[in-house]
Amino acid sequence: MNQIPTEMLTILIESTQEVFEMMVFQPLGSQTPIEGEALRPRSNVVGTVAFAGDRSGVVAFYSTTATAQAITGAMLGIPAADVNGEMPDAIGEITNMIAGTFRTKMAAAGSRWAISVPTVTIGSDFYTKYVSDVRRVLCPFTMGENDEIFVELILTLN
Amino acid sequence: MRFLVVDDSTTMRRIIINTLNKVGYQNCAEAANGREGMDRLTEFGADIVITDWNMPEMSGIEFIRAIRANAATKDLPVLMVTTNAAKDDIVEALRAGINSYVVKPFTPDTIKQKIEAMLAH
């Protein structure tokens, strides 16, 4: 398998949009997925959930700190400026719901796996490298007028 | 009506408790995993338990089995709120003893309707 199947990407995009519509109360605009290692988003907040089973890999969420604060505020029903220490947990939960919805939809399509608990990394100068042979596709989304988020599917090849 | 909300995510506990408050249920206790949940039930009691599945220390499934194995809590209504929504997951949760099931992500209306349906029974 050299490429990530289009059907998987479609399901991941739908899962992400569903989570944002229901839990963040924000519709997401989907843009053309970017394949490969070349371009990575400039992000300060990265949530990851690993999965293993019929397929193995990682679902990763990327945003800036400001966007992550806005998402957290919307989830909790408070202004983004009032968000304090809640943001890492909220982004972990968003990543968990995206990966969980993706898992459920893939299970309905015949592919079963288990998912890990979410991990959230916050910083300004880091790069995530996967040591196994993987395929990566980054799905960009727009949220409102100014915010962007990215959800990446990283699939191991063995 | 006393609710016990059990989830390792503080965000999700707040979302669920905010939803309960909005529909008129103000008496809510919370716990971060099944073990804490059992402690809360022993200390304070509850009329309805809302629990996540994937939690550290004691999972939601282990928590429900513990509830059903305890004479004082065996008949407590339990609503599971989780991302685990494949057919096999739901079968496993039903076998463990849940009364109802809500899949994350959810709308506040879904939680409200499930609770009202549980109370009607």
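Right, let's walk through the structure included here. Predicted, not measured: the structure shown is a model, and the values here were computed from it.

**Examining the interface of chain B and chain A**
Chain B puts 18 residues into the contact, and the matching count from chain A is 20 residues. In this assembly, chain B packs against chain A so that about 1,700 Å² is buried in total across both faces, 56% of it on carbon and sulfur atoms. Three residues, T11, T83 and P105 of chain B, lead the burial of chain B against chain A; their summed loss comes to 34% of the area buried on that side. Across the contact surface, chain B and chain A share four salt bridges. Where chain B meets chain A, there are nine residue pairs in polar contact (both at pLDDT 80 or more). Listed by contribution, the elements that provide at least two residues to the side of chain B that touches chain A are α1 (10–22) and α4 (87–96) of chain B. In terms of residues, the side of chain B that touches chain A owes the most to one element, α1 of chain B, which gives six residues.

**With respect to unusual backbone geometry**
Cis rather than trans, the peptide bond between K104 of chain B and P105 of chain B has omega equal to 0°. Secondary-structure assignment places P105 of chain B in the loop between β5 (100–103) and α5 (108–120). Even without a glycine there, the phi angle at F25 of chain A is positive, about 60°. Among the structural elements, F25 of chain A can be located in the loop between α1 (6–24) and β1 (28–30). For F25 of chain A, a relative accessible area of 52% gives the class exposed. For E57 of chain B, which is not glycine, the phi dihedral falls at a positive 70°. Examined against the element boundaries, E57 of chain B turns out to sit in the loop between β3 (48–51) and α3 (60–69).

**A word on the pattern of salt bridges**
Note that side chains of opposite charge can pair when their charged atoms are close. A full pass over the atoms with the stated rule returns 13 salt bridges over all chains. Measuring nitrogen to oxygen at the nearest pair gives 2.8 Å for the salt bridge that ties D89 of chain B to R103 of chain A. Taken together, the residues span two chains, with D89 of chain B in helix α4 and R103 of chain A in helix α3 (residues 87–108). When sorted by exposure, D89 of chain B lands in the same class as R103 of chain A, which is buried.

**Here we look at the pairing of strand β2 (residues 28–31) of chain B**
All names here are of chain B. Pairing of strand β1 (residues 3–6) with β2 involves four bridges; the strand directions are parallel. Bridge pairing links V6 to A31 in β2. Note that the unit made of β1, α1 and β2 has a crossover that is right-handed.

**Looking at the environment of V134 of chain A**
Residues and elements named next belong to chain A. By secondary structure assignment, the location of V134 is in strand β7 (residues 134–143). For the pair formed by V134 and P5, sequence separation is 129 residues and the distance between their alpha carbons is 13 Å. Ignoring any residue separated from it by four or fewer positions in sequence, one finds V134 in contact with I154, L155, T156 and L157.

**Examining the pairing of β7 of chain A**
Residue and element names in this part refer to chain A. Counting buried positions over the ten residues of β7 gives eight, a clear majority of the element. Looking at chain direction, strand β2 (residues 34–35) and β7 are connected through two bridges and run antiparallel. Counterpart to E35 in the pairing with β7 is V137. Where β7 and strand β8 (residues 147–156) come together, ten bridges link them in antiparallel fashion. Among the inter-strand pairings, P140 is bridged to a residue of β8, identified as F150. Where β7 folds back onto β8 in an antiparallel hairpin, the turn is made up of three residues, including G144, whose phi is positive at roughly 65°.

Calculation criteria
Residues numbered from 1 in each chain as written. Chains lettered and ligands numbered in written order. Predicted model: local features only at pLDDT ≥ 70, side-chain atom pairs only at ≥ 80, totals over all residues. Heavy atoms only, no water. Contact = heavy atoms within 4.5 Å. Buried area = accessible area lost by both parts, 1.4 Å probe. Salt bridge = Lys/Arg side-chain N within 4 Å of Asp/Glu carboxyl O. Polar contact = N/O pair within 3.5 Å; in protein donor to acceptor, adjacent residues only side chain to side chain. Helix = DSSP H or I, 4+ residues; strand = E, 2+ residues; numbered from the N terminus. Buried < 20%, exposed > 50% of the residue type's maximum accessible area, 1.4 Å probe, protein only. Pairing = 2+ DSSP bridges. Right-handed = clockwise from strand over helix to strand, strands pointing away.

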